[in-house]
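Reading the structure
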Amino acid sequence: MTSQEQSAQGAAHEPIPAPQGIVVGIDGSKQSNCALIWAARQAKLRKVPLHLVTAYTVPIFAASGLDGGYATVDDDVIRQGAEAVLRESAATVAHLDIEMDARVENGDAAGVLLELSETAELLVFGSRGRGGFIGRLLGSVSSALPAHAKCPTVTVPLSCAPRLEADLEAGTGKSGVAIEKVVTVGVDGSDQARYAVLVAAEQAQRAGCTLRIICAVQPYTGSLAWLPAPVDREALFAEIQLQLDAGEKWLRNHFPKLPIEVKLLEGSAVEELVKATETTELVVMGTRGRGGFAGMMLGSTTDGVRHHAKGPIMVVRDREDPRQDDRSAFGPLLQA
């Protein structure tokens, strides 16, 4: 019996240490299978363990007869079904030869995964689940996790299944769309965006990818027509470009061998980053911005991109990083 099978069978009886590697949410759906494949490849790349997790609550039904009361579904039946799903999932990625275990948890799926995120390196899940006996593991839960998880989260949509199943060494998935060896990150000049850039740079360096930094400035719309003194667009772009150039110098100081591209675009941040999900390996974003370049990015942008993404999206919560301490030495920062 493999260690994965032992872990899946023993999940109900033995306490398992807090995960230190990558946690992936499993519910047997095609969405969670995409997340599993992506997470397994990351575990192999990072040389860390992969933890397959599913969670459920036992449904209770109110009786409609004269004798009133409640009826419950047999917990053992549900758990056995969940363990079977985990065994099947583990077999899917067994060929990657990575350290792996599986666990079934009884409780709210969001709460279980959030608790595991406190010690995990990365939390991965599909864009939505199928419901069924494991409930809402990858449904509304996937919307709550990025904002509250203690570690970076990655949402893997079902639409990127062709690229995961294809031989990416040739650079083209089954869909015929070329996938660039690029990690894309969205920035808005905020401290949180700078931390997201550091995480994206680490991911790009680890995977042998180019880092592409995108800053999108929202174009004028009718809602701005009332402004008595229109913003000087050329001056605005020049100021942002100056800060982007300084940020690039700072980043190259910390990642001297990493290929870096910086793009300043006029357009919707959501649209530009959604387009990036179609052709690049990963898009990285913060959970929300803090003003930044005219407060133009992140926050609602993150949800917008996740809901329309065609490829994996990594969401990074704000965190202090000593590498940000020397940012001001490389050029201008936004004034508070």
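Note that the coordinates shown come from a computational prediction; the quantities given were computed from them, not determined experimentally.

Focus: the nonpolar core
- If you look at the biggest cluster of nonpolar residues, it comprises 64 residues, and the most contacted ones within it are L50, L52, V124, L211 and L251.
- Top contributing element to this core by residue count: helix 7 (residues 191-207), with 10 residues.
- When neighbours within four sequence positions are excluded, L211 is seen to be in contact with V183, V185, V197, A200, A201, A204, L251, L258, P259, I260 and E261.
- Ranked by size, the runner-up nonpolar core spans 13 residues in total, among them A55, L116, F125 and L145.

Considering the pairing of strand 2 (residues 50-56)
- Along strand 2, 7 of the 7 residues are buried, which leaves the element largely enclosed by surrounding structure.
- Of the pairings in the sheet, the one linking strand 1 (residues 22-25) to strand 2 comprises 4 bridges and is parallel in character. Paired with G25 across the strands is V53, a residue of strand 2.
- The parallel pair strand 1 and strand 2, bridged by helix 2 (residues 30-46), forms a crossover whose chirality is right-handed.
- Here strand 2 runs beside strand 5 (residues 100-106); their pairing, made up of 7 bridges, is parallel. When the bridges of strand 5 are listed, H51 appears paired with D101.

Here we look at the pattern of salt bridges
- According to the stated counting rule, one finds 11 salt bridges in the structure shown.
- D191 is the salt-bridge partner of R194, the closest N and O atoms lying 2.4 Å from each other. Here D191 and R194 lie together in helix 7, a separation of 3 residues that amounts to about one turn.
- By relative accessible area, R194 is classed as buried at 15%.
- In this structure D191 comes out as partly exposed when scored by relative accessible area, which is 41%.
- Here D303 and R306 are joined by a salt bridge, their closest N and O atoms 3.5 Å apart. Of this pair, D303 and R306 both sit in helix 10 (residues 300-308), separated by 3 residues, roughly a single helical turn.
- Residue R306 is classed as buried on the basis of its relative accessible area of 9%.

Considering the pairing of strand 9 (residues 210-217)
- Burial runs high along strand 9: 8 of the 8 residues are buried.
- Both faces of strand 9 are covered, namely the face carrying T210, R212, I214 and A216 and the face carrying L211, I213, C215 and V217.
- Bridge analysis of strand 8 (residues 180-186) against strand 9 gives 5 bridges, and the strand direction is parallel. Each residue of the ladder has a partner; that of G186, found in strand 9, is I214.
- After leaving strand 8, the chain enters helix 7 and then returns to the sheet as strand 9, a path that is right-handed.
- Bridging between strand 9 and strand 10 (residues 260-266) involves 7 bridges; their strand directions are parallel. Each bridged residue has a counterpart across the sheet, and for C215 the counterpart in strand 10 is L264.

Rules used throughout
- Residues numbered from 1 in each chain as written.
- Predicted model: local features only at pLDDT ≥ 70, side-chain atom pairs only at ≥ 80, totals over all residues.
- Heavy atoms only, no water.
- Core = buried A, V, L, I, M, F, W, Y, C linked by side-chain atoms within 4.5 Å.
- Buried < 20%, exposed > 50% of the residue type's maximum accessible area, 1.4 Å probe, protein only.
- Helix = DSSP H or I, 4+ residues; strand = E, 2+ residues; numbered from the N terminus.
- Contact = heavy atoms within 4.5 Å.
- Pairing = 2+ DSSP bridges.
- Right-handed = clockwise from strand over helix to strand, strands pointing away.
- Salt bridge = Lys/Arg side-chain N within 4 Å of Asp/Glu carboxyl O.

Scope: geometric values only; no functional claims are made or implied.
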